[in-house]
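Structure at a glance
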Amino acid sequence: MRTYWKCQIFVFLAMISTNMFTAILMFDLGDERLFLLFLRTILGALSFILISHFVLRNFAKRWAVYRGKARANLLTLMLISLMCAPLHFALGVKLVKQVVTIESTEEVSSLRIHDNDEALGGEKVKTSDLATLLFYIGYFWLWSGCYLGIVTRREKRVLAKQLQEQQLANLMNQVNPHFLFNSLNTIRALIYQDKDKAAEVVTQLSELFRYNLMQDMRALVTLKEEWKVCEDFLGIEQVRLGKRLSVTTQELESFYNIHLPSMSLFTLLENAVKHGIAHLPKGGEIAIQVVRKAQNIHISVTNPYDPTRVQTGTQQGLKNIQARLALMYNKSAKLTVNDGGGLFQATLEIPYESKNNN
């Protein structure tokens, strides 16, 4: 609607500017007559805007609903314009001339093209009502084409956004069952060994479920919210792996208020445990670092791994993050992966937006 009203304001100003420029250029008008002409022009332009909005636009929308269409086509708008032009001619031209009168024989109309046999600066301007009517029919047809272009463009944006949200929801649904499945496997391994630990893991898993349900409709979360569920996950994995798993964080608390895609840090940690620490007999340390570089936030997860022990997978989790970043940030965010020297590092790079300062 913002674009629509910008165009309406542009048409309103363009009609006033064109009419006034023509009158000033063609005729020698006094101040009083110029002011009255200006007043007529404003009222005439206002009549056009009101009729195009409340009559042409609304009638077209109602007709589209009646016909079961998303919007009226150009032909329908042009046919409705044939009714709007005479209405505007009656209100915006004839009625305005009756309301705003210019005394003596020096009366001027708001448009040179109007039917006017009166003297204007000593000159006669003779036009027919039919010519004026045809002129406004053309004006309304031009408006109809512009309006249809605006509506079509808006529909495309809405459809693109809906498609983007659907793709994003599909990707989120692919991520969520993945970590729940792994967590249930951890509980199954513990339930016959240590009941207290099993109860603690069940509590942590319930928090994971709760977080999962809450995030179904949220694409972005704060780092603080994301880290809470990561702690629950790491707690479950700590029970399973024992001393083989250790975690260090750097500058995490300083960036608790930044926003990031939900389940993104969780997926990186899950990948570090599943493909890194879990395959090492002595385990290892997962290092989490958050730093700001220029206008971007870098969230890095580094873990040791043994390339000979890692099973080749689909890397679906990392692919999902990359796809979600592309949908949410276009090209302003990315996920980079570096491996070498027995270390695997995944870095999430997202914009440091103004809302992250709140």
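Refer to the structure printed above.
Read on for a plain summary of the structure. Bear in mind that the values here come from a model prediction, so they are computed numbers and not experimental data.

A short note on the overall build of the protein
Along the protein, the regular secondary structure elements total 8 helices and 9 strands. Residues classed as buried in the protein amount to 41% of the 358 residues present. If you take every contact in the protein between residues at least 6 apart in sequence, the share linking residues at least 24 apart comes to 73%. For the protein, the exposed area adds up to about 20,000 Å²; of that, 58% sits on carbon and sulfur atoms.

So, the packing of helix H7 (residues 264-275) against helix H8 (residues 316-329)
Closest axis-to-axis distance for the H7/H8 pair is 9 Å, and the angle between their directions is 155°. As far as their axial angle goes, H8 and H7 are roughly antiparallel. The two elements H7 and H8 cross, and the hand of that crossing is left-handed. Packed against H7, whose contacting residues are Ser 264, Thr 267, Leu 268 and Asn 271, the element H8 presents Gly 317, Leu 318, Ile 321 and Arg 324 at the interface. In terms of residue class, the contact of H7 with H8 is made up of 3 nonpolar, 4 polar and 1 charged.

Details of the nonpolar core
If you look at the biggest cluster of nonpolar residues, it comprises 40 residues, and the most contacted ones within it are Leu 265, Leu 269 and Ile 286. Elements with a contribution of two residues or more to this core: helix H6 (223-241), H7, strand S6 (284-293), strand S7 (296-304), H8 and strand S9 (343-351). Of all the elements, H6 adds the most residues to this core, at 7 residues. In contact with Leu 269, not counting residues within four places along its chain, are Trp 227, Cys 230, Phe 233, Leu 234, Ile 286, Ile 288 and Val 301. Judged by nonpolar contacts, the second largest core, of 28 residues, contains Leu 37, Ile 49, Ala 60 and Phe 89.

A look at H8
A turn of α-helix holds 3.6 residues, and therefore any two residues three or four places apart point the same way. Here H8 contains 14 residues, and its C-alpha end-to-end distance of 20 Å stays within 8% of the 20 Å for a straight helix at 1.5 Å per residue. Every buried residue belonging to H8 is among Leu 318, Asn 320, Ile 321, Arg 324, Leu 325 and Tyr 329, and all of these are buried. In an axial view of H8, the angular spread of the buried residues amounts to 155°, which keeps them on one side of the axis. Two residues or fewer after H8 comes Asn 330, characterised by a positive phi angle close to 60°.

Topic: the packing of helix H1 (residues 2-26) against helix H2 (residues 31-66)
Between two packed helices, both the angle of their axes relative to each other and the distance between the axes serve to describe the pair. Relative orientation of the contacting elements H1 and H2 amounts to 150°, with a least axis distance of 10 Å. Looking at the two axes, H1 sits roughly antiparallel to H2. The element H1 and its partner H2 pack so that their crossing is right-handed. Listed contacts from H2 to Tyr 4, Trp 5, Gln 8, Val 11, Phe 12, Met 15, Ile 16, Asn 19, Met 20, Ala 23 and Ile 24 of H1 are Leu 34, Leu 37, Phe 38, Thr 41, Ile 42, Ala 45, Leu 46, Phe 48, Ile 49, Ser 52, His 53 and Arg 57.

Regarding the environment of Arg 188
Tracing the backbone shows Arg 188 in helix H4 (residues 129-190). Linking Arg 188 and Ala 198, residues 10 residues apart in sequence, is a C-alpha distance of 8.7 Å.

Here we look at the sheet that holds strand S8 (residues 334-340)
Taken together, the 5 strands give an open sheet; going across it, the order is S4-S6-S7-S9-S8, and neighbouring strands pair in mixed fashion. The two strands at the open ends of the sheet, each matched to only one other strand, are strand S4 (245-250) and S8. Within the sheet, the average angular offset between the axes of one strand and its neighbour, ignoring direction, is 15°. Two elements, S4 and S6, share 6 bridges in a ladder whose sense is parallel. The residue bridging Leu 245 from the neighbouring strand is Gly 284, located in S6.

How each quantity is defined
Residues numbered from 1 in each chain as written. Predicted model: local features only at pLDDT ≥ 70, side-chain atom pairs only at ≥ 80, totals over all residues. Heavy atoms only, no water. Helix = DSSP H or I, 4+ residues; strand = E, 2+ residues; numbered from the N terminus. Buried < 20%, exposed > 50% of the residue type's maximum accessible area, 1.4 Å probe, protein only. Contact = heavy atoms within 4.5 Å. Areas by Shrake-Rupley, 256 points an atom, 1.4 Å probe, with all protein chains shown as cover. Axes fitted to C-alpha atoms, helices over the stretch in contact; angles between N-to-C directions. Parallel < 35°, antiparallel > 145°, perpendicular 65-115°, else oblique. Left-handed = near helix turned anticlockwise from the far one by under 90°. Nonpolar A, V, L, I, M, F, W, Y, C, P; charged D, E, K, R; others polar. Core = buried A, V, L, I, M, F, W, Y, C linked by side-chain atoms within 4.5 Å. Expected span 1.5 Å × (residues − 1). Arc of directions from axis to C-beta. Pairing = 2+ DSSP bridges.

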